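Spelled out, the chains give:
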Amino acid sequence: MSDFKIKEAPVEDEQAQPILTHEKSLSQKIAHGSEAGDILDQQMVMLGIQLVTQLNVLLKTSRIYERTNAALDRPVEAMLTLIKTMAHDQPITLRLQNDFLFLGNSHLKVNAQQMAVATSIIDVLNTWKIGGMTFSLAVESKDLREFAALFVSLDPGNKTLDDLQREIKVRGIAGIDIEEQRQLQIRKGPGTALNREPDNTKSVKPNVQWKTETKKGYASMAGSIGALTQSAREGGTVSFKQAKRAIQNIIDRMVDDEAAVLGLTTLRCHDQYTHNHSVNVSLLSMALANRAGYPKAELADLGLAALFHDLGKSTIPMEVLNKPGEFTDDDWIAMRNHPTEGILILSKTRGITNLPGRMAAAAFEHHMNLDFSGYPKLTVPWTLSLTGRILTITDCYDAMTSSRVYRREPMSPSKVLNMMFSKSGKAFDATLLKLFVNCVGIIPIGSLVMLETSELAVVLKPSADKANAERPFVRVITDPQGNAVDHGREVDLTEKDETGDFRHNIIRLIDNTEYKFDTSRYFV
C-alpha cells in the first residue's frame, strides 16, 4: 500500500490531526472485496469522520466571523483537502438516516470523543430536514465560505429546505448539493416494499431529544475522564465538577430508561478504550447498584468513583498502555501497580480533604477479585467493600467485551457472562452477579440473534418478565434473506398468539464479534 501518504492539514485546536490521502483513482486499482479494498474502505470511513469534524468547525466558525475572515482559512482548507482526496472517482455524500451518519453507504461509527461533534451535525441536518449533503471536485474555497455563511444565516424556523436549495443556486455555489430526508421503508420479504407509516410526532420528538441529551451526557463523562487523566499525567490539579454534573444527568435518564442508557456501553473503540471503558464501567456500576438498592445520592457517588477507577493508569507510559505486543515483566509490574497509584493520585486531589471511601475502594480493589486471586496482593486481613465487589464485575465485563490495542477482537457478551458465571462465588460475588445479569440480560443488550423467520435482530433490552428472561426485547435488522432493513420492527419475544404460543422465537445466538458485526449503531 505504498500509494498511501500522510498530508498535514491545518485544522482547529484539538481537532487537528493528519489527514490521510491517497493517489488519484487508487480505488479503481483495487479488487472489490480484497483485503486492500477493505483497508481503503476503512480509511474512507476515517476520512468521513474527519469531514464531519471539519464541517462542524466550519459552521461554528461561520457563526462568529464573516465569510472573508481569515479565521475561516483553516477549516476551509481542511474541508477542501478532504473533498479533493475523497471525491476523485465520484462525488461524496454525507447522509443522515435514522439518526446515523453515513458516508455513502458506509456507517460512520464515532467514538466517545467524536460523539458530541457528530450529534451537533445530526441536529443541524435534522433541523433543516436534510437527508444528504454531496460534495464534488467542483467545490472551491469561495463555495465553502458562501455555503457556510448562507447555512448559518438562514433561519430554519422561517425558511424551508427548498428555500435553502434555491439560495444555493442563486448565489452560484458550486460543488455542493443537498437533498431532503427520504421516507424510510421496510422491506418485507423479497420483492415487497411497504411504506412505513409516520410515527406520531408528539412521541418522536421527545424520544429524539432524550436520545440526543443522553449521548451528550456520555460524551461529557468521556471528556471529563480524558481531561482529568491528562491533567494527572502532567502533574496538574484534578477537578470533578463537570463529571459530577454529567453523572447526575445520566442517573436521571437511567431512572427513565435503564436499557437505553446501558445501550451506550455497546460503543466499542480500541483507539479510545481507556475513555470508553471508564464511562461504561460507571454506567454499568450505577445500574447494578440501583438494582442493589442504592439511593439516588449514593448512585452519583458510586458513578463518580467508578468513572475514575483507572486514574492510576495515568502513571503508566503511553507506549506501555498502547503496546500491541506482549508485555514484559516490567510492563506487568507497572500495570499491576496502577490501583495503588490511583489511591495516591486521588489522595492529593484538590478539594478532597478526606478521600471518599468509594473512590478509594474503586481505585484500589477493582482487580482484587472476591477470593483475592487478583492484585494488589495483600499481607494483612482485608474485607472487600461493596463498591469493590461491584466494580470487579462491571470492570471485567466491559474489558472482556471491548477491543483493545493488544486484543483487537472482543468476546461476545453472552460468552463473557458464561465465563463470569463459571467463577461465581470465587472471583465474583454471586448475588451481585445475578443482579448484574438482570441489568444486561441473560442474552445481553447488544447481542445479535436469529429468529425462527431467519431474520436477524439486535437485543435492545432484557425481558421484563423474569420467568422468560431468555426472551428479550429486540429490533429486527434484516429480512429473511439477510438484507438490512431500515427502522425494522421492535419485537417483545414474550408476546403470545391467541393459542398461547410465543409469536417469535430465537433459534440461535449470532457471535457478532466473529462476524465483525457492530451492533452499537442501534444505540449510539
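Each remark here, short or long, concerns the structure printed above.
Predicted model only: the values in this text are computed from it and were never measured.

The next point concerns helix α2 (residues 73–86). With 14 residues, α2 ought to run about 20 Å at 1.5 Å a step, and its terminal C-alpha atoms sit 20 Å apart, in line with that. For α2, a buried count of 10 out of 14 residues is recorded, marking the element as mostly surrounded by other parts of the structure. When α2 is considered as a whole, its buried residues turn out to be Pro75, Val76, Ala78, Met79, Leu80, Thr81, Leu82, Ile83, Thr85 and Met86.

What follows concerns helix α14 (residues 357–365). Residues Met359, Ala361, Ala362, Ala363, Phe364 and Glu365 constitute the buried set of α14. Among the structural elements, α10 (296–307), α13 (338–347) and α15 (386–400) are those in contact with the buried residues of α14.

Okay, the sheet that holds strand β14 (residues 506–510) next. Taking strand neighbours across the sheet as the criterion, the 5 strands line up as β13-β12-β11-β10-β14 in an open arrangement whose pairing is antiparallel. Looking at strand neighbours, the two that pair on one side only are β13 (490–492) and β14, the edges of this open sheet. Neighbouring strand axes in the sheet, compared pairwise and without regard to direction, differ in orientation by 40 degrees on average. Across 3 bridges, strand β12 (residues 473–476) lies against β13 in antiparallel orientation. Of the residues in β13, the one forming a bridge with Arg475 is Glu490.

Let us look at the packing of aromatic side chains. Applying the stated criterion across every chain yields a total of 5 aromatic pairs. The interplanar angle of 50 degrees and the centroid separation of 6.1 Å between the aromatic rings of Trp128 and Phe151 together place this pair among those described as tilted. One end of the pair, Trp128, is in helix α3 (residues 112–128); the other, Phe151, is in helix α4 (residues 141–153), and 23 residues separate them in sequence. Comparing Trp128 with Phe151 shows no difference in burial state: the two are buried. When the centroid spacing of 4.9 Å and the interplanar angle of 70 degrees are considered together, the rings of Phe327 and Trp332 count as edge-to-face. Site record: aromatic cluster; members linked through ring pairs are Trp128, Phe147 and Phe151. Across from the ring centre of Phe502, 3.5 Å away, lies the NZ or CZ of Arg471, which sits over that ring. The ring centre of Phe502 lies 5.1 Å from the NZ or CZ of Lys496, which sits over that ring.

Conventions used here
Residues numbered from 1 in each chain as written. Predicted model: local features only at pLDDT ≥ 70, side-chain atom pairs only at ≥ 80, totals over all residues. Heavy atoms only, no water. Helix = DSSP H or I, 4+ residues; strand = E, 2+ residues; numbered from the N terminus. Expected span 1.5 Å × (residues − 1). Buried < 20%, exposed > 50% of the residue type's maximum accessible area, 1.4 Å probe, protein only. Contact = heavy atoms within 4.5 Å. Pairing = 2+ DSSP bridges. Axes fitted to C-alpha atoms, helices over the stretch in contact; angles between N-to-C directions. Phe/Tyr/Trp six-rings, centres within 6.5 Å; stacked < 30°, edge-to-face > 60°. Lys NZ or Arg CZ within 6 Å of the ring centre and 35° of its normal.

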